[in-house]
Amino acid sequence: MKKQRNNSEFPLGMGTFLLSAMMFQLIIYLFVYQTQSYTFNMFLLTIAIFLGSFIGFFFGVLAGFVYIGLFFLFAIGIAVFVPEAVNAFAYFVLFFVPFITIIAAYTHQSYQKEQKQLLALQKKAAQISVVDPLTELDTLQPLVDLLIKQSHLAKRYDHYTFSVAMVRIDFLETTRNILGQQSYQLLLREISQILKSEIRIEDYKFTVTEGTFVIVLPLTAKQHFQVVDERIKMRFDTIELFDRNHKKFKPTIKTGVIMYEPHKFEDFQKFEKIFLELQKQTEVDITPEY
């Protein structure tokens, strides 16, 4: 219900503002029709009303109240020093200027509120798009950006290198069907927690496709990943999962790693090539595993 009320504030404010402006035009017409004249004072008072609308609509409540205060000071001065200028139209404008200014300021405030809500929704949508809600890991686009940045660092500094590792669930569809949705999601969360706890703070972890995780290890040569790999697989052995028949199930986890090399600079600018190479590194002869 709250969301619906917020969404209707701007149209309501704008509708009231437009209706007030139309009513003002009609009243001017009636005054001109009755007096058969349109004096310079009426023109100035009309300008005062349009100025109040402009200030309230574009500058908000605070500017609107400042304008109303200045207008009343001006009106009092006119009434004191030019009493003949005070007529029925002047009394009408004295009421209508604060009215139209406040309505315009309300419309401005409602519009600003809608814009803030829209911006918050856009930020939330952008955050969801780069962070997987299940594993709470960054997704593909941040990984692509990081690989480009890391490869440029390695190209610029000869002593700098980094490795990229893949951790994936083998027989993905079979694993999902055996475990069922709930246990399968538990497996994904367990893998993400293992990666978070078993790599260094300066390392990066991502989920790129379902059941496939990528780790970026700055200042790490390929051969040094073996220590991390053993540590990760030891943690995998502690995972207790049960299939649909409540029997223990141990998923098959594959790992592979590649290291940045100068002649592969262009490959690191296109993640598809890196992804295919990582997949090849995780492929083994699966016949004995059956």
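Summarised in this report is the structure supplied together with it. The shown structure was predicted, so the numbers you read here are calculated from the model rather than taken from an experiment.

### Quick look at the packing of aromatic side chains
Two descriptors summarise a pair of aromatic rings, namely the distance from one centre to the other and the angle between the planes of the rings. Under the defined criterion, the tally for this structure stands at 5 aromatic pairs. Ring centres of Phe54 and Phe59 lie 6.0 Å apart, and the angle between their planes is 65°; on these two criteria the pair is classed as edge-to-face. In textbook terms, an aromatic cluster arises when at least three aromatic residues are bridged by ring pairs, as seen for Phe162, Tyr260 and Phe268. Across the ring face of Phe265, the terminal group of Lys155 is positioned such that the distance to the ring centre comes to 4.3 Å. It is Arg176 that lies over the ring of Tyr184; its NZ or CZ is 5.1 Å from the centre.

### Some remarks on a nonpolar patch on the surface
A cluster of nonpolar side chains, Leu51, Phe54, Phe58 and Phe59, forms an exposed patch at the surface whose accessible area comes to about 430 Å². Here Phe59 shows up in helix 2 (residues 40–81). Judged by its relative accessible area of 53%, Phe59 is exposed.

### As for helix 4 (residues 140–156)
Spanning 17 residues, helix 4 covers 25 Å between terminal C-alpha atoms, matching the ideal 24 Å at 1.5 Å per step. The complete set of buried residues in helix 4 reads Leu143, Val144, Leu146, Leu147, Gln150, Ser151 and Ala154. Axial view of helix 4: buried residues confined to an arc of 165°, hence all on one face. Those residues of helix 4 that are exposed and angled more than 90 degrees off the buried face are Lys149 and Arg156. Buried residues along helix 4 sit in contact with strand 1 (162–169), strand 2 (204–209), strand 3 (212–218), helix 7 (265–268) and helix 8 (271–282).

### Some words on the pattern of salt bridges
For the coordinates displayed, the defined rule picks out 14 salt bridges. When the shortest N-O distance is used, the salt bridge between Glu136 and Lys196 registers 3.8 Å. Of this pair, Glu136 sits in the loop between helix 3 (88–130) and helix 4 while Lys196 is found in helix 5 (residues 172–198), placing the two residues 60 residues apart along the sequence. In this structure, the salt-bridge partner of Lys233 is Asp229, at a minimum N-O distance of 3.6 Å. On the criterion of helical spacing, the pair formed by Lys233 and Asp229 is a turn pair, its members being 4 residues apart in helix 6 (residues 225–236). Each of the salt bridges in this network shares a partner with another, and the network as a whole consists of Glu173, Arg176 and Glu210.

### Focus on the nonpolar core
Grouped together as the largest cluster of nonpolar side chains are 24 residues, with contacts concentrated most on Ile191, Ile215 and Phe236. When residues of this core are traced back to their parent elements, those giving at least two are strand 1, helix 5, strand 3, helix 6 and strand 6 (253–259). No other element matches helix 5, which puts 7 residues into this core. Among residues more than four places away in sequence, those in contact with Ile215 are Ser163, Val164, Ala165, Val167, Leu195, Ile199, Tyr204, Lys205 and Ile232. If you look at the next biggest cluster of nonpolar residues, it comprises 21 residues, including Leu143, Leu147, Tyr160 and Phe265.

### Some remarks on the sheet that holds strand 1
Working definition: the strands of a sheet are paired by backbone hydrogen bonds and lie parallel or antiparallel to each other. The 4 strands lie next to each other as 2-3-1-6, forming an open sheet whose pairing is antiparallel. Looking at which strands have only one partner, the edges of the open sheet turn out to be strand 2 and strand 6. Strand-to-strand twist of the sheet, defined as the mean angle between neighbouring strand axes without regard to direction, takes the value 20°. Of the pairings in the sheet, the one linking strand 1 to strand 3 comprises 7 bridges and is antiparallel in character. By the bridge assignment for strand 3, Val167 is matched with Phe213. Along the sheet, helix 6 contacts strand 1, strand 3 and strand 6; its crossing angle with strand 6, the most-contacted strand, is approximately 165°.

Calculation criteria
- Residues numbered from 1 in each chain as written.
- Predicted model: local features only at pLDDT ≥ 70, side-chain atom pairs only at ≥ 80, totals over all residues.
- Heavy atoms only, no water.
- Phe/Tyr/Trp six-rings, centres within 6.5 Å; stacked < 30°, edge-to-face > 60°.
- Lys NZ or Arg CZ within 6 Å of the ring centre and 35° of its normal.
- Patch = residues over 30% accessible without salt bridge, like charges linked within 9 Å, V, L, I, M, F, W, Y side chains within 5 Å.
- Areas by Shrake-Rupley, 256 points an atom, 1.4 Å probe, with all protein chains shown as cover.
- Salt bridge = Lys/Arg side-chain N within 4 Å of Asp/Glu carboxyl O.
- Helix = DSSP H or I, 4+ residues; strand = E, 2+ residues; numbered from the N terminus.
- Buried < 20%, exposed > 50% of the residue type's maximum accessible area, 1.4 Å probe, protein only.
- Expected span 1.5 Å × (residues − 1).
- Arc of directions from axis to C-beta.
- Contact = heavy atoms within 4.5 Å.
- Core = buried A, V, L, I, M, F, W, Y, C linked by side-chain atoms within 4.5 Å.
- Pairing = 2+ DSSP bridges.
- Axes fitted to C-alpha atoms, helices over the stretch in contact; angles between N-to-C directions.

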